[in-house]
Amino acid sequence: MKILISNDDGVNAIGIAALTRSLSQIAETLTVGPDRNCSGASNSLTLTNPLRLNTLDNGYISVSGTPTDCVHLAIRELYQDEPDMVVSGINAGANMGDDTLYSGTVAAAMEGRFLGFPAIAISLVGHEHYETAAHYALKIVKALQENPVAQDKILNINVPDLPLSEVKGMKITRLGARHRAEGMVRTQDPAGKEIFWLGPPGDEQDASEGTDFYAVANGYVSITPLTVDLTAFEQLKALDNWLAEMTD
């Protein structure tokens, strides 16, 4: 089995190393990550600059691009034979609810699925117990070998930042939702020029039972299936009627 590993925290992040060690127990791994932290990059591709590669001493490949660039480049150019799966992570921090729209971790997995491969994204809801997340990554990858998910889905996995012995199990969940984000943080650079930082995320709005927020808060690993096709199918008929009325 061959697994392509990527992330959005950068090729030197703790999480990608923990993930590589874990999955190397069962597969041949290729680790390709951005040369810097690309958190929040979403599905962006680098279109106006060339991508440069650098092979590190540990064998990981650093790319001067986004998480999506890394996966696309690895599959199209670095593999002689295609991988069997794409695994993105382990992210430092949650990728739950609305945050998945911005997540480079989720985007790397989504690019793998766009190109036709099973893919998962895994995040640690904290910054300490990476080995717990690595344990569940291995467990879930093994399960996917036996029972793959639907062709157009990826699994978004969030692991509570707990010792392995304190995790209560796994739950299949839906995405929760947040309130609107806080305002921008306005400050000045050393030259006195005005600059802005993205403000803190909004509080949880929908963290009810069944959501990813609820599962993790109660000590469970959250597994949320995400669809690649963003079409709101349930709205097609209603919009057909709306369009007909508009054009009468």
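**Student:** Looking at this model, I keep getting lost on helix α2 (residues 67-78). Mind explaining?
**Tutor:** For the α-helix, the turn length of 3.6 residues means that residues three or four positions removed from each other point alike. Within the sequence span of α2, burial applies to Pro67, Thr68, Asp69, Cys70, Val71, Leu73, Ala74 and Ile75. The elements touched by buried residues of α2 are β1 (2-6), β2 (28-34), β3 (53-55), β4 (61-63), β5 (85-92) and α3 (104-114).

**Student:** Just to check I follow, could you spell out unusual backbone geometry for this structure?
**Tutor:** Leaving glycine aside, a negative phi is the common case for residues, and trans is the common case for peptide bonds. Backbone torsion omega between Gly89 and Ile90 reads -10 degrees, so that peptide bond is classified as cis. Counting through the fold element by element, Ile90 comes out in strand β5. Phi is positive for Ser42, which is not a glycine, with a value near 50 degrees. Along the polypeptide, Ser42 turns up in the loop between β2 and β3. Under the relative-accessibility criterion, Ser42 is labelled buried at 19%.

**Student:** Which parts of the structure should I look at to understand the layout of surface pockets?
**Tutor:** In this approach the atoms are scanned with a rolling probe the size of a water molecule, which exposes any empty space left behind. Taken as a whole, the second largest pocket holds about 250 Å³ of empty space. Elements represented by at least two residues in the lining of the second largest pocket include exactly α3 and β13 (220-227). The greatest single-element share of the lining of the second largest pocket, amounting to three residues, is contributed by α3.

**Student:** Looking at this structure, how should I read α3?
**Tutor:** Burial of α3 is extensive: 10 of the 11 residues sit out of reach of the surface. Where α3 is concerned, the buried positions are Gly104, Thr105, Val106, Ala107, Ala108, Ala109, Met110, Glu111, Gly112 and Arg113. Elements that come into contact with the buried residues of α3 comprise α2, β5, β6 (119-125), β7 (153-160) and β13. Regarding α3, its N-cap is Ser103, as a side-chain oxygen of that residue lies 3.1 Å from the backbone nitrogen of Thr105 further along. Just downstream of α3, Gly116 is the residue with a positive phi angle, here 100 degrees.

**Student:** It is not clear to me how the side chain of Thr132 should be interpreted in this structure. Could you clarify?
**Tutor:** Counting through the fold element by element, Thr132 comes out in helix α4 (residues 130-146). Look at Thr132 and you get buried, because its relative accessible area is 4%. Here Leu164 takes part through its backbone nitrogen, which lies 3.2 Å from a polar atom of the side chain of Thr132. When sequence neighbours within four positions are dropped, the list of residues in contact with Thr132 reads Val159, Pro160, Leu162, Pro163, Leu164 and Val167.

**Student:** Which parts of the structure should I look at to understand the packing of aromatic side chains?
**Tutor:** Taken as a whole and assessed by the stated rule, the structure comprises zero aromatic pairs. In this structure, Lys171 is placed above the aromatic ring of Tyr220, and the distance from its NZ or CZ to the ring centre is 4.7 Å.

**Student:** Any chance you could explain the packing of helix α1 (residues 14-23) against α4 here in plain terms?
**Tutor:** At their nearest, the axes of α1 and α4 sit 9 Å apart, and the two run at 40 degrees to each other. In terms of their interaxial angle, α1 and α4 are classed as oblique. In this structure, the crossing between α1 and α4 has a hand that is right-handed. Contact with α1, carried on its side by Ile14, Gly15, Ala18, Leu19, Arg21, Ser22 and Leu23, involves Tyr130, Glu131, Ala134, His135, Ala137, Leu138 and Val141 of α4 and no other residues of that element. Of the residues contributing to the contact of α1 with α4, the split by class is nine nonpolar, three polar and two charged.

Definitions and cut-offs
Residues numbered from 1 in each chain as written. Predicted model: local features only at pLDDT ≥ 70, side-chain atom pairs only at ≥ 80, totals over all residues. Heavy atoms only, no water. Buried < 20%, exposed > 50% of the residue type's maximum accessible area, 1.4 Å probe, protein only. Helix = DSSP H or I, 4+ residues; strand = E, 2+ residues; numbered from the N terminus. Contact = heavy atoms within 4.5 Å. 1 Å grid on protein atoms, 1.4 Å probe; cavity = no way out; pocket = protein on both sides within 12 Å on 5 of 7 lines; lining within 4 Å. Points joined across faces, edges and corners; volume = space filled by probe spheres on them. Polar contact = N/O pair within 3.5 Å; in protein donor to acceptor, adjacent residues only side chain to side chain. Phe/Tyr/Trp six-rings, centres within 6.5 Å; stacked < 30°, edge-to-face > 60°. Lys NZ or Arg CZ within 6 Å of the ring centre and 35° of its normal. Axes fitted to C-alpha atoms, helices over the stretch in contact; angles between N-to-C directions. Parallel < 35°, antiparallel > 145°, perpendicular 65-115°, else oblique. Left-handed = near helix turned anticlockwise from the far one by under 90°. Nonpolar A, V, L, I, M, F, W, Y, C, P; charged D, E, K, R; others polar.

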